[in-house]
Amino acid sequence: MLAYVLEGRHAALSAHRPRPVMDPAGFVRVRTRIAGICNTDLELIRGYMGFSGVLGHEFVGEALDGALAGRRVVGGINFGCDNCERCDAGDSRHCATRKVLGILGADGVIAEEFLIPERNLVEVPDTVTDVQAVFAEPLAAACEIIEQLGGTTRHRRTLVLGDGKLGLLIAQVLAVHGAEVDLVGHHLDELEWIEDARVNRLARTLPEKATAAYDLVVEATGSASGLAEALRATEPRGTLVLKSTVAGLHEIDLAPIVINEITVLGSRCGRMKSAVELLERTSIMTEPLIDSRRELSEAESAFARAQEKGARKVLLVNP
Ligand SMILES: [Zn+2]
Ligand SMILES: [Zn+2]
């Protein structure tokens, strides 16, 4: 079958990847309908996590086996061991020996078919389209912030730094949950639509007046310099949420965290169920986040496009 495979630091489309066979206990096969290219995939190609195998973790597909066979599905990307305290508590996201779809020890979704634990699947309701559902994984990562903050961001003066794909989802999710959201990013003039989601386009770079002005700041720039700006914007005793995973080491002055008693929250994957419910119940906009759609056989050019500056979500369709 067709699959986009990373070996070392070389990623390429293969036409001869063996089809997965339903073998590991509890796993089912899923046929990819649409896969999204994520910045994490680009980081993996640069050596982040040392991953080898089929790339891709953002998908909407059709289950081929199990109770949801024939249904449209999305799925959680962490495969827990099912045999430790964290897995028992229902949170495989932090299982110490987990595998992660297309990121760590498990082949991903940029292929005709892939394997995933059946319990990770969430059915997509009929009212949610494929091009909405393919955003469920990054949307779940945005929902995770709400969960970490205790379920609500009502009336919080909030700044989202970064108007990339994840930043735009985060800004919308926080606004849906009642926050007053300002957005800083380099593409604001192309983002008129985000005002309809009650997100205020503040400026291209953090203005002087924004210093210590926010009690909640989300760093989603994907760049190493974002953290220093985010710290500057956070008011004393405020909360700073870190969403960027940038490969490499950063030098940063941590004194403001201590002096201003800032709570720093690392934030990664969320629950797919929350994301699907949000897509069903609210008007989170995903269409403007799409850069282009290509067929799986055009994965090479799709990845080339995804690496260009300013590219939004590139989708791969398995026809
Ligand atoms: Zn991703
Ligand atoms: Zn476990």
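Keep in mind that this is a model prediction, so the values were computed, not measured.

Asker: For helix H8 (residues 272–281), give the residues involved together with the corresponding values.
Answerer: Along H8, the residues that are buried comprise Met 272, Ala 275, Val 276, Leu 278 and Leu 279. What you see down the axis of H8 is that its buried residues fit within an arc of 160°, all on one side. The elements touched by buried residues of H8 are strand S6 (72–75), strand S11 (121–123), helix H3 (130–133), helix H4 (136–148) and helix H5 (165–176).

Asker: An account of H4 is needed here, citing residue identities and associated values.
Answerer: An α-helical turn contains 3.6 residues, so a residue and the one three or four places further along point in the same direction. Counted at 1.5 Å a residue, the expected span for H4 with its 13 residues is 18 Å, and the 18 Å between its end C-alpha atoms agrees. Of all 13 residues making up H4, 11 are buried, and the element is well covered by its neighbours. By the burial criterion, the buried members of H4 are Ala 136, Glu 137, Pro 138, Leu 139, Ala 140, Ala 141, Ala 142, Cys 143, Glu 144, Ile 145 and Ile 146.

Asker: How would you explain the domain arrangement of the protein if you had to name every residue and give the values?
Answerer: Much of the literature gives interface size as the accessible area that the parts lose upon coming together. Partitioning the protein into domains gives domain 1 (3–135 + 286–317) and domain 2 (141–266). The centre of domain 1, based on its C-alpha atoms, is set 27 Å off from the matching centre of domain 2. With 12 residues of domain 1 at the interface, the matching set in domain 2 holds eight residues. In terms of residue count, the dominant contributor to the side of domain 1 that touches domain 2 is helix H1 (residues 39–45) (three residues). Here the residues of the side of domain 1 that touches domain 2 are counted per class, giving four nonpolar, four polar and four charged.

Asker: Lay out the sheet that holds strand S13 (residues 180–184) in plain terms, naming residues and giving numbers.
Answerer: Note on sheets: strands pair through backbone hydrogen bonds, and any given pair is parallel or antiparallel. Spatial ordering of the open sheet is given by S14-S13-S12-S15-S16-S17, a layout of six strands whose pairing is parallel. In this open sheet, the two edge strands, each paired with only one partner strand, are strand S14 (199–203) and strand S17 (263–266). Averaged over all pairs of adjacent strands, the angle between strand axes in this sheet comes to 25°, irrespective of strand direction. The sheet contact formed by S13 and S14 spans four bridges and is parallel. Looking at S14, one finds that Leu 183 is bridged to Arg 201.

About the thresholds
Residues numbered from 1 in each chain as written. Chains lettered and ligands numbered in written order. Predicted model: local features only at pLDDT ≥ 70, side-chain atom pairs only at ≥ 80, totals over all residues. Buried ≥ 20, exposed ≤ 12 C-beta atoms within 10 Å, placed from the backbone. Helix = DSSP H or I, 4+ residues; strand = E, 2+ residues; numbered from the N terminus. Arc of directions from axis to C-beta. Contact = placed C-beta atoms within 7 Å. Expected span 1.5 Å × (residues − 1). Domains from an automatic or database assignment. Nonpolar A, V, L, I, M, F, W, Y, C, P; charged D, E, K, R; others polar. Pairing = 2+ DSSP bridges. Axes fitted to C-alpha atoms, helices over the stretch in contact; angles between N-to-C directions.

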